[in-house]
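Architecture at a glance
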Amino acid sequence: MNRLRGRRMPRRITQLLVGLFLYGIGIAFIVRGMIGAAPWDVLTQGIARHIPLTFGVITILVSIVVLLLWIPIRQRPGIGTVLNALLVGPSADVGFLLIPETDALWVRIIFFVIGLLVLAGATGLYIGASFGPGPRDGLMTGLHRRTGWPIWVVRTGLEVMVVAVGWALGGNVGVGTVAFALLVGPLCQYFLRLFAIRLPDEAKPGTEATTTGEIRIAG
């Protein structure tokens, strides 16, 4: 079993790194679409209006704060958790350099659709590598485990809170925010089935990845 895990390690590492890079690119496409950002990115946008830091740097700082919230709920990070916190923000900044701003609504809608698909695929890649959930995912699963509340209650409560704070700070809330909330779960679940790497000690293939995929929203 250990030998099999070792043979799969190069693929897992590649999947993790590619997934995290593409996740940031997906965020950049959605933000450039300007029809409404994902909930956590609304918060980042709002903070960016008041602090002279890049979107990517603020994403890292928010991730660190979220990781600190893992301590009281006794959630343990994996290497994928740490790399998520450190790499998604910079890759989003790269995306902003490559993807132009536009006033054409049809182009912005295309940007949003591309971003949603890229982000969902990237989620399948990095979570499917089984190196641990992202900071926000872990907060949701940790709160679910500690409180016993249903996943959808925890997820909805967190996202309503961050959207409200982000909107109050000037973040972009729109039809894209609603579309993201409705579509990202099913899309992530599809890509998780596609990219999940089955490890020898998994009791039931795909169970953990599917569960994580059902709660995935942003980073």
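Residues numbered from 1 in each chain as written. Predicted model: local features only at pLDDT ≥ 70, side-chain atom pairs only at ≥ 80, totals over all residues. Heavy atoms only, no water.

1. Notes on the environment of Arg 11
Within the secondary structure, Arg 11 is located in helix α1 (residues 2–33). Take Arg 11: its relative accessible area is 45%, and that puts it in the partly exposed class. For the pair Arg 11 and Ala 129, spaced 118 residues apart in the sequence, the C-alpha separation amounts to 8.0 Å. In this structure, Arg 11 is in contact with Phe 195 and Ile 197, ignoring residues within four places of it in sequence. (Helix = DSSP H or I, 4+ residues; strand = E, 2+ residues; numbered from the N terminus. Buried < 20%, exposed > 50% of the residue type's maximum accessible area, 1.4 Å probe, protein only. Contact = heavy atoms within 4.5 Å.)

2. Quick word on the packing of helix α6 (residues 135–147) against helix α7 (residues 151–169)
Remark: α6 packs on α7, axes separated minimally by 9 Å, with the N-to-C direction vectors making an angle of 130°. Of the possible angle classes, the one that applies to α6 and α7 is oblique. Here the hand of the crossing between α6 and α7 comes out right-handed. Along its contact with α6, which presents Leu 139, Met 140, Leu 143 and His 144, the element α7 presents Ile 151, Val 154, Arg 155, Leu 158 and Glu 159. Taken together, the residues of the contact of α6 with α7 break down into 6 nonpolar, 1 polar and 2 charged. (Axes fitted to C-alpha atoms, helices over the stretch in contact; angles between N-to-C directions. Parallel < 35°, antiparallel > 145°, perpendicular 65-115°, else oblique. Left-handed = near helix turned anticlockwise from the far one by under 90°. Nonpolar A, V, L, I, M, F, W, Y, C, P; charged D, E, K, R; others polar.)

3. Describing the nonpolar core
Core analysis: the largest hydrophobic core is formed by 32 residues, its most contacted members being Tyr 23, Ile 27, Leu 119 and Phe 180. At the level of secondary structure, the elements contributing two or more residues to this core comprise α1, α4 (79–98), α5 (105–128) and α8 (175–195). In terms of nonpolar packing, the next biggest core, distinct from the first, is built from 13 residues, Trp 70, Ile 73, Leu 139 and Val 162 among them. (Core = buried A, V, L, I, M, F, W, Y, C linked by side-chain atoms within 4.5 Å.)

4. Things to note about the pattern of salt bridges
By the definition in use, this model includes 1 salt bridge. When the shortest N-O distance is used, the salt bridge between Glu 101 and Arg 32 registers 3.9 Å. Here the residue Glu 101 occupies a position in the loop between α4 and α5, and Arg 32 occupies one in helix α1, the gap between them amounting to 69 residues. (Salt bridge = Lys/Arg side-chain N within 4 Å of Asp/Glu carboxyl O.)

5. With respect to unusual backbone geometry
What you tend to see is this: most non-glycine residues have negative phi, and most peptide bonds are trans. The phi dihedral of Met 34 is positive, around 55°, even though this residue is not glycine. Examined against the element boundaries, Met 34 turns out to sit in the loop between α1 and α2 (39–48). On the basis of relative accessible area, Met 34 is assigned to the partly exposed category, the value being 31%. With a phi close to 60°, Ser 130 is a non-glycine residue in the positive phi region. Within the fold, Ser 130 resides in the loop between α5 and α6.

6. What about α6?
Helix length check: α6, at 13 residues, gives a terminal C-alpha distance of 18 Å against a target of 18 Å (1.5 Å per residue), a fit within 8%. Buried within α6 are the following residues: Pro 135, Arg 136, Asp 137, Gly 138, Leu 139, Met 140 and Gly 142. The positive-phi residue at the C-terminal boundary of α6 is Gly 148, with phi of around 80°. (Expected span 1.5 Å × (residues − 1).)

7. Let's talk about α4
For α4, spanning 20 residues, the distance from its first C-alpha to its last is 28 Å, which sits close to the expected 28 Å at 1.5 Å a residue. Within the sequence span of α4, burial applies to Gly 80, Thr 81, Asn 84, Ala 85, Val 88, Gly 89, Ser 91, Ala 92, Gly 95 and Phe 96.

8. Focus: the confidence of the model for the protein
Chain-level pLDDT for the protein is 88 on average; 88% of the residues reach the 70-or-more range. Predicted confidence is poor over residues 203–219, with pLDDT under 50, and the contacts of this stretch with residues over four places away or in other chains come to 45 contacts. (pLDDT = per-residue confidence, 0-100.)

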